[in-house]
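Structural description and commentary
Residue strings, one per chain:
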Amino acid sequence: MILGFIGTGAIAAAIVSGLNSEGRARLTIRLSPRNAGVAAGLASRFDNVSVCASSQEVLDGSETVILAVRPQVAEEVLSGLRFSSDQIVISLVAGFSARRIADLVAPAGKIWRAIPLPSVAQRRSPIALYPPLGPPAELFALLGQVFEIEKEDHLNALNTATSTMAAYFAFVGHIASWVARKGIPEQQCREYMARMFAGLADAGLEVSERSFEDLARAHATPGGLNEQVLRDLTDHGVFDTLTEALDSVHRRAADVSA
Ligand SMILES: NC(=O)c1ccc[n+]([C@@H]2O[C@H](COP(=O)([O-])OP(=O)(O)OC[C@H]3O[C@@H](n4cnc5c(N)ncnc54)[C@H](OP(=O)(O)O)[C@@H]3O)[C@@H](O)[C@H]2O)c1
(Lines give C-alpha, C1' and ligand atoms only; values in the text may rest on other atoms or scores of the structure.)
Protein backbone atom coordinates (compact mmCIF):
# COMPACT_ATOMS: atom_id res chain seq x y z
CA MET A 1 0.00 0.00 0.00
CA ILE A 2 1.16 3.53 -0.73
CA LEU A 3 0.07 5.75 2.14
CA GLY A 4 0.13 9.53 1.92
CA PHE A 5 -0.18 12.18 4.62
CA ILE A 6 -1.55 15.67 4.15
CA GLY A 7 -0.12 17.45 7.18
CA THR A 8 3.05 16.14 8.80
CA GLY A 9 2.82 17.09 12.46
CA ALA A 10 2.57 15.36 15.81
CA ILE A 11 -0.01 12.69 15.02
CA ALA A 12 1.37 11.93 11.54
CA ALA A 13 4.84 11.44 13.08
CA ALA A 14 3.40 9.12 15.74
CA ILE A 15 1.59 7.02 13.11
CA VAL A 16 4.65 6.80 10.84
CA SER A 17 6.82 5.79 13.83
CA GLY A 18 4.33 3.11 14.89
CA LEU A 19 3.99 1.72 11.36
CA ASN A 20 7.76 1.43 11.13
CA SER A 21 8.39 -0.13 14.50
CA GLU A 22 9.99 -3.50 14.70
CA GLY A 23 8.19 -6.43 13.19
CA ARG A 24 5.51 -4.31 11.47
CA ALA A 25 4.59 -4.50 7.81
CA ARG A 26 6.43 -1.69 6.05
CA LEU A 27 4.39 0.47 3.73
CA THR A 28 5.55 3.09 1.28
CA ILE A 29 4.82 6.40 2.96
CA ARG A 30 4.69 9.81 1.28
CA LEU A 31 4.59 12.98 3.35
CA SER A 32 3.47 16.50 2.54
CA PRO A 33 6.31 19.00 3.05
CA ARG A 34 4.94 20.84 6.10
CA ASN A 35 6.18 20.71 8.81
CA ALA A 36 9.57 20.62 7.06
CA GLY A 37 11.52 19.64 10.18
CA VAL A 38 9.16 16.80 11.16
CA ALA A 39 9.02 15.50 7.56
CA ALA A 40 12.80 15.58 7.13
CA GLY A 41 13.27 13.85 10.48
CA LEU A 42 10.94 10.98 9.53
CA ALA A 43 12.48 10.58 6.07
CA SER A 44 15.96 10.38 7.59
CA ARG A 45 14.87 7.76 10.15
CA PHE A 46 12.95 5.48 7.80
CA ASP A 47 13.95 4.51 4.26
CA ASN A 48 10.33 3.76 3.22
CA VAL A 49 9.35 7.39 3.92
CA SER A 50 9.77 10.23 1.44
CA VAL A 51 8.83 13.89 1.44
CA CYS A 52 6.91 15.19 -1.58
CA ALA A 53 7.32 18.64 -3.07
CA SER A 54 3.65 19.47 -2.46
CA SER A 55 0.45 18.08 -0.98
CA GLN A 56 -0.87 17.52 -4.52
CA GLU A 57 2.16 15.33 -5.27
CA VAL A 58 1.25 13.24 -2.18
CA LEU A 59 -2.27 12.75 -3.52
CA ASP A 60 -1.14 11.94 -7.04
CA GLY A 61 0.93 8.98 -5.84
CA SER A 62 -1.06 7.56 -2.91
CA GLU A 63 -3.82 4.95 -2.79
CA THR A 64 -4.74 5.86 0.77
CA VAL A 65 -4.47 9.36 2.18
CA ILE A 66 -4.56 10.40 5.83
CA LEU A 67 -5.70 13.97 6.44
CA ALA A 68 -3.71 15.25 9.42
CA VAL A 69 -3.96 19.03 9.31
CA ARG A 70 -5.53 21.11 12.05
CA PRO A 71 -9.25 21.94 11.81
CA GLN A 72 -8.48 25.67 11.50
CA VAL A 73 -6.75 25.18 8.12
CA ALA A 74 -8.43 22.00 6.88
CA GLU A 75 -11.00 23.65 4.64
CA GLU A 76 -8.48 25.93 2.98
CA VAL A 77 -5.92 23.12 2.49
CA LEU A 78 -8.36 20.51 1.17
CA SER A 79 -10.32 22.78 -1.13
CA GLY A 80 -7.10 23.53 -3.03
CA LEU A 81 -6.35 19.85 -3.76
CA ARG A 82 -7.52 17.38 -6.44
CA PHE A 83 -8.45 13.94 -5.11
CA SER A 84 -9.20 10.92 -7.31
CA SER A 85 -12.40 8.89 -7.20
CA ASP A 86 -10.71 5.62 -6.18
CA GLN A 87 -8.68 7.15 -3.35
CA ILE A 88 -9.28 6.00 0.24
CA VAL A 89 -9.41 9.05 2.50
CA ILE A 90 -9.01 8.79 6.28
CA SER A 91 -9.69 12.05 8.06
CA LEU A 92 -8.21 12.72 11.50
CA VAL A 93 -9.44 16.32 11.44
CA ALA A 94 -11.17 16.82 14.77
CA GLY A 95 -14.81 17.80 14.49
CA PHE A 96 -15.15 17.63 10.71
CA SER A 97 -18.06 15.34 9.84
CA ALA A 98 -17.66 12.66 7.19
CA ARG A 99 -20.15 14.58 5.06
CA ARG A 100 -18.12 17.78 5.31
CA ILE A 101 -14.93 15.92 4.42
CA ALA A 102 -16.73 14.24 1.50
CA ASP A 103 -17.64 17.67 0.09
CA LEU A 104 -14.01 18.77 0.36
CA VAL A 105 -12.39 15.68 -1.17
CA ALA A 106 -14.89 14.90 -3.96
CA PRO A 107 -14.77 12.90 -6.21
CA ALA A 108 -13.10 10.63 -3.63
CA GLY A 109 -15.98 8.66 -2.10
CA LYS A 110 -14.35 6.12 0.22
CA ILE A 111 -14.15 8.16 3.39
CA TRP A 112 -13.43 7.21 6.98
CA ARG A 113 -12.88 9.21 10.14
CA ALA A 114 -10.42 7.97 12.74
CA ILE A 115 -9.11 9.07 16.12
CA PRO A 116 -5.63 7.68 16.68
CA LEU A 117 -3.85 8.88 19.82
CA PRO A 118 -0.14 9.65 20.33
CA SER A 119 0.39 6.13 21.74
CA VAL A 120 0.12 4.79 18.16
CA ALA A 121 3.89 5.39 18.19
CA GLN A 122 4.16 2.50 20.69
CA ARG A 123 1.29 0.62 18.96
CA ARG A 124 -0.77 0.92 22.17
CA SER A 125 -3.48 3.34 21.11
CA PRO A 126 -7.20 2.79 21.11
CA ILE A 127 -8.25 3.91 17.63
CA ALA A 128 -11.87 4.85 17.05
CA LEU A 129 -12.92 4.31 13.43
CA TYR A 130 -16.09 5.36 11.63
CA PRO A 131 -17.60 3.70 9.68
CA PRO A 132 -16.51 0.20 10.77
CA LEU A 133 -14.43 -2.25 8.73
CA GLY A 134 -12.64 -1.67 5.43
CA PRO A 135 -8.94 -1.14 4.69
CA PRO A 136 -8.48 1.54 7.42
CA ALA A 137 -9.45 -1.04 10.07
CA GLU A 138 -6.61 -3.27 8.84
CA LEU A 139 -4.19 -0.36 8.76
CA PHE A 140 -4.98 0.84 12.28
CA ALA A 141 -4.88 -2.70 13.67
CA LEU A 142 -1.11 -2.36 13.19
CA LEU A 143 -1.13 0.53 15.67
CA GLY A 144 -3.30 -0.59 18.56
CA GLN A 145 -6.85 -1.69 19.27
CA VAL A 146 -9.41 -0.56 16.72
CA PHE A 147 -12.87 0.39 18.02
CA GLU A 148 -15.23 0.16 15.07
CA ILE A 149 -17.97 2.76 15.55
CA GLU A 150 -21.39 2.42 13.93
CA LYS A 151 -22.72 5.96 14.46
CA GLU A 152 -20.89 9.19 13.78
CA ASP A 153 -22.39 10.79 16.92
CA HIS A 154 -20.66 8.10 18.95
CA LEU A 155 -17.33 8.89 17.29
CA ASN A 156 -17.86 12.55 18.18
CA ALA A 157 -18.46 11.63 21.83
CA LEU A 158 -15.23 9.60 21.92
CA ASN A 159 -13.46 12.52 20.29
CA THR A 160 -14.71 14.73 23.12
CA ALA A 161 -13.35 12.21 25.65
CA THR A 162 -9.86 12.57 24.14
CA SER A 163 -9.86 16.24 25.17
CA THR A 164 -9.07 15.13 28.73
CA MET A 165 -5.51 13.96 28.04
CA ALA A 166 -3.78 17.23 28.97
CA ALA A 167 -5.91 17.49 32.11
CA TYR A 168 -4.82 13.97 33.06
CA PHE A 169 -1.15 14.97 33.00
CA ALA A 170 -1.96 18.18 34.86
CA PHE A 171 -3.74 16.11 37.54
CA VAL A 172 -0.82 13.70 37.94
CA GLY A 173 1.68 16.56 37.81
CA HIS A 174 -0.24 18.49 40.46
CA ILE A 175 -0.01 15.56 42.87
CA ALA A 176 3.69 14.99 42.08
CA SER A 177 4.45 18.67 42.74
CA TRP A 178 2.58 18.57 46.04
CA VAL A 179 4.66 15.59 47.12
CA ALA A 180 7.89 17.24 45.93
CA ARG A 181 7.13 20.26 48.12
CA LYS A 182 7.44 17.92 51.10
CA GLY A 183 11.12 17.57 50.20
CA ILE A 184 11.16 14.37 48.14
CA PRO A 185 13.38 14.59 45.01
CA GLU A 186 11.25 15.61 42.01
CA GLN A 187 12.43 12.76 39.81
CA GLN A 188 11.48 10.25 42.49
CA CYS A 189 7.99 11.79 42.81
CA ARG A 190 7.58 11.73 39.05
CA GLU A 191 8.56 8.06 38.77
CA TYR A 192 6.36 7.10 41.71
CA MET A 193 3.30 8.85 40.26
CA ALA A 194 3.86 7.41 36.78
CA ARG A 195 3.99 3.91 38.26
CA MET A 196 1.02 4.44 40.58
CA PHE A 197 -1.21 5.55 37.70
CA ALA A 198 0.18 2.89 35.32
CA GLY A 199 -0.81 0.29 37.91
CA LEU A 200 -4.32 1.73 38.10
CA ALA A 201 -4.61 1.76 34.30
CA ASP A 202 -3.51 -1.88 34.19
CA ALA A 203 -6.10 -2.74 36.85
CA GLY A 204 -8.78 -1.03 34.75
CA LEU A 205 -7.85 -3.21 31.77
CA GLU A 206 -7.52 -6.45 33.70
CA VAL A 207 -10.96 -6.33 35.34
CA SER A 208 -12.84 -5.11 32.30
CA GLU A 209 -16.12 -6.55 33.63
CA ARG A 210 -16.12 -3.98 36.46
CA SER A 211 -17.24 -0.39 35.89
CA PHE A 212 -14.93 2.49 36.77
CA GLU A 213 -17.48 3.60 39.40
CA ASP A 214 -17.20 0.15 40.95
CA LEU A 215 -13.39 0.41 40.97
CA ALA A 216 -13.64 3.85 42.59
CA ARG A 217 -15.81 2.36 45.34
CA ALA A 218 -13.39 -0.55 45.75
CA HIS A 219 -10.52 1.91 46.27
CA ALA A 220 -12.48 4.10 48.72
CA THR A 221 -12.45 2.21 52.00
CA PRO A 222 -15.17 3.72 54.25
CA GLY A 223 -13.52 6.19 56.59
CA GLY A 224 -10.24 5.92 54.67
CA LEU A 225 -8.02 8.45 52.93
CA ASN A 226 -9.16 7.71 49.36
CA GLU A 227 -12.77 8.13 50.38
CA GLN A 228 -11.92 11.52 51.90
CA VAL A 229 -10.24 12.89 48.74
CA LEU A 230 -13.02 11.55 46.49
CA ARG A 231 -15.67 13.13 48.72
CA ASP A 232 -13.83 16.47 48.89
CA LEU A 233 -13.43 16.63 45.10
CA THR A 234 -17.07 15.64 44.59
CA ASP A 235 -18.36 18.15 47.19
CA HIS A 236 -16.31 20.93 45.60
CA GLY A 237 -17.89 20.25 42.22
CA VAL A 238 -14.78 18.98 40.45
CA PHE A 239 -16.71 16.27 38.60
CA ASP A 240 -19.57 18.64 37.78
CA THR A 241 -16.98 20.98 36.29
CA LEU A 242 -15.56 18.11 34.28
CA THR A 243 -19.01 17.29 32.90
CA GLU A 244 -19.51 20.94 31.94
CA ALA A 245 -16.10 21.04 30.24
CA LEU A 246 -16.93 17.89 28.25
CA ASP A 247 -20.33 19.31 27.25
CA SER A 248 -18.65 22.51 26.13
CA VAL A 249 -16.00 20.72 24.03
CA HIS A 250 -18.72 18.56 22.52
CA ARG A 251 -20.76 21.61 21.50
CA ARG A 252 -17.65 23.27 20.04
CA ALA A 253 -16.86 20.18 17.93
CA ALA A 254 -20.48 20.07 16.75
CA ASP A 255 -20.17 23.69 15.59
CA VAL A 256 -17.07 22.87 13.54
CA SER A 257 -18.83 19.89 12.05
CA ALA A 258 -21.91 21.82 10.95
N1 LIG B 1 -2.21 15.09 18.11
C2 LIG B 1 -3.13 14.16 18.38
O3 LIG B 1 -3.03 13.40 19.36
C4 LIG B 1 -4.31 13.97 17.47
C5 LIG B 1 -5.11 12.83 17.66
C6 LIG B 1 -6.20 12.61 16.81
C7 LIG B 1 -6.48 13.52 15.82
N8 LIG B 1 -5.70 14.63 15.66
C9 LIG B 1 -6.05 15.55 14.60
O10 LIG B 1 -5.01 15.48 13.63
C11 LIG B 1 -4.83 16.75 13.05
C12 LIG B 1 -3.37 17.13 13.20
O13 LIG B 1 -3.07 17.23 14.58
P14 LIG B 1 -1.56 17.38 15.08
O15 LIG B 1 -1.61 17.31 16.56
O16 LIG B 1 -0.69 16.41 14.33
O17 LIG B 1 -1.27 18.89 14.65
P18 LIG B 1 0.13 19.53 14.24
O19 LIG B 1 1.25 18.88 15.01
O20 LIG B 1 -0.03 21.00 14.31
O21 LIG B 1 0.27 19.09 12.73
C22 LIG B 1 -0.42 19.72 11.69
C23 LIG B 1 0.53 19.78 10.52
O24 LIG B 1 -0.15 20.38 9.41
C25 LIG B 1 0.83 21.19 8.73
N26 LIG B 1 0.21 22.16 7.86
C27 LIG B 1 -0.21 23.43 8.17
N28 LIG B 1 -0.67 24.03 7.06
C29 LIG B 1 -0.54 23.14 6.06
C30 LIG B 1 -0.83 23.17 4.69
N31 LIG B 1 -1.35 24.27 4.10
N32 LIG B 1 -0.59 22.08 3.94
C33 LIG B 1 -0.06 20.96 4.50
N34 LIG B 1 0.25 20.87 5.81
C35 LIG B 1 0.01 21.94 6.58
C36 LIG B 1 1.60 21.82 9.87
O37 LIG B 1 2.81 22.38 9.40
P38 LIG B 1 3.48 23.68 10.11
O39 LIG B 1 4.01 23.17 11.43
O40 LIG B 1 4.55 24.06 9.15
O41 LIG B 1 2.38 24.69 10.27
C42 LIG B 1 1.78 20.64 10.80
O43 LIG B 1 2.91 19.89 10.46
C44 LIG B 1 -5.79 17.72 13.75
O45 LIG B 1 -6.94 17.91 12.97
C46 LIG B 1 -6.12 17.00 15.03
O47 LIG B 1 -7.42 17.33 15.45
C48 LIG B 1 -4.61 14.85 16.45
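Residues numbered from 1 in each chain as written. Predicted model: local features only at pLDDT ≥ 70, side-chain atom pairs only at ≥ 80, totals over all residues. Heavy atoms only, no water.

1. Things to note about the sheet that holds strand S3 (residues 49-51)
Read across the open sheet, the 8 strands follow the order S3-S2-S1-S4-S5-S6-S7-S8; overall the sheet is mixed. Of all the strands in the sheet, just S3 and strand S8 (144-148) have a single pairing partner and so form its edges. Averaged over all pairs of adjacent strands, the angle between their axes in this sheet comes to 25°, without regard to strand direction. Taken together, the 3 bridges between strand S2 (residues 28-31) and S3 define a ladder with parallel strand orientation. Paired with Arg 30 across the two strands is Ser 50, which belongs to S3. (Pairing = 2+ DSSP bridges. Helix = DSSP H or I, 4+ residues; strand = E, 2+ residues; numbered from the N terminus. Axes fitted to C-alpha atoms, helices over the stretch in contact; angles between N-to-C directions.)

2. A look at the site of the ligand
Lining the immediate surroundings of the ligand are 18 residues, of which Thr 8, Ala 10, Arg 34, Val 69 and Arg 70 lie closest. Separating an oxygen atom of the ligand from a backbone N or O atom of Val 69 is a distance of 2.6 Å. If the ligand stood free it would expose 890 Å²; the protein chains cover 75% of that surface. Partitioned by chemical class, the residues of the shell around the ligand number 11 nonpolar, 5 polar and 2 charged. (Near = heavy atom within 4 Å. Polar contact = N/O pair within 3.5 Å; in protein donor to acceptor, adjacent residues only side chain to side chain. Areas by Shrake-Rupley, 256 points an atom, 1.4 Å probe, with all protein chains shown as cover. Nonpolar A, V, L, I, M, F, W, Y, C, P; charged D, E, K, R; others polar.)

3. Digging into helix H5 (residues 98-105)
Listed in full, the buried residues belonging to H5 are Ala 98, Ile 101, Leu 104 and Val 105. Taken down its axis, H5 places every buried residue within 125° of arc, on the same side. What points out from H5, more than 90 degrees from its buried face, is the exposed set Arg 99 and Asp 103. Structurally, H5 contributes buried residues whose contacts are with strand S4 (64-67), helix H4 (71-79), strand S5 (88-91), strand S6 (110-115), strand S7 (125-130) and helix H7 (152-161). (Buried < 20%, exposed > 50% of the residue type's maximum accessible area, 1.4 Å probe, protein only. Arc of directions from axis to C-beta. Contact = heavy atoms within 4.5 Å.)

4. A look at the domain arrangement of the chain
Here the chain is described as being made up of domain 1 (2-150) and domain 2 (163-257). The C-alpha-based centres of domain 1 and domain 2 are spaced at 31 Å. With 7 residues of domain 1 in contact, the opposing surface of domain 2 contributes 4 residues. Both faces considered, domain 1 and domain 2 share a buried interface measuring about 420 Å² in area, 54% of it formed by carbon and sulfur atoms. If you look at where domain 1 meets domain 2, you find 0 salt bridges. (Domains from an automatic or database assignment. Buried area = accessible area lost by both parts, 1.4 Å probe. Salt bridge = Lys/Arg side-chain N within 4 Å of Asp/Glu carboxyl O.)

5. Some points on the packing of aromatic side chains
Using the criterion set out here, one finds 3 aromatic pairs in the structure. Seen in terms of ring centroids, Phe 171 and Phe 197 are 6.2 Å apart; in terms of plane orientation they differ by 70°. Their pairing is edge-to-face. Highlighted residues: Phe 171 in helix H8 (residues 165-180) and Phe 197 in helix H9 (residues 186-206), separated in sequence by 26 residues. Note on Phe 171: relative accessible area 43%, which makes it partly exposed. Counting every residue linked through ring pairs, the aromatic cluster contains Tyr 168, Phe 169, Phe 171 and Phe 197. Arg 100 extends its terminal NZ or CZ atom over the ring of Phe 96, reaching a point 4.0 Å from the ring centre. (Phe/Tyr/Trp six-rings, centres within 6.5 Å; stacked < 30°, edge-to-face > 60°. Lys NZ or Arg CZ within 6 Å of the ring centre and 35° of its normal.)

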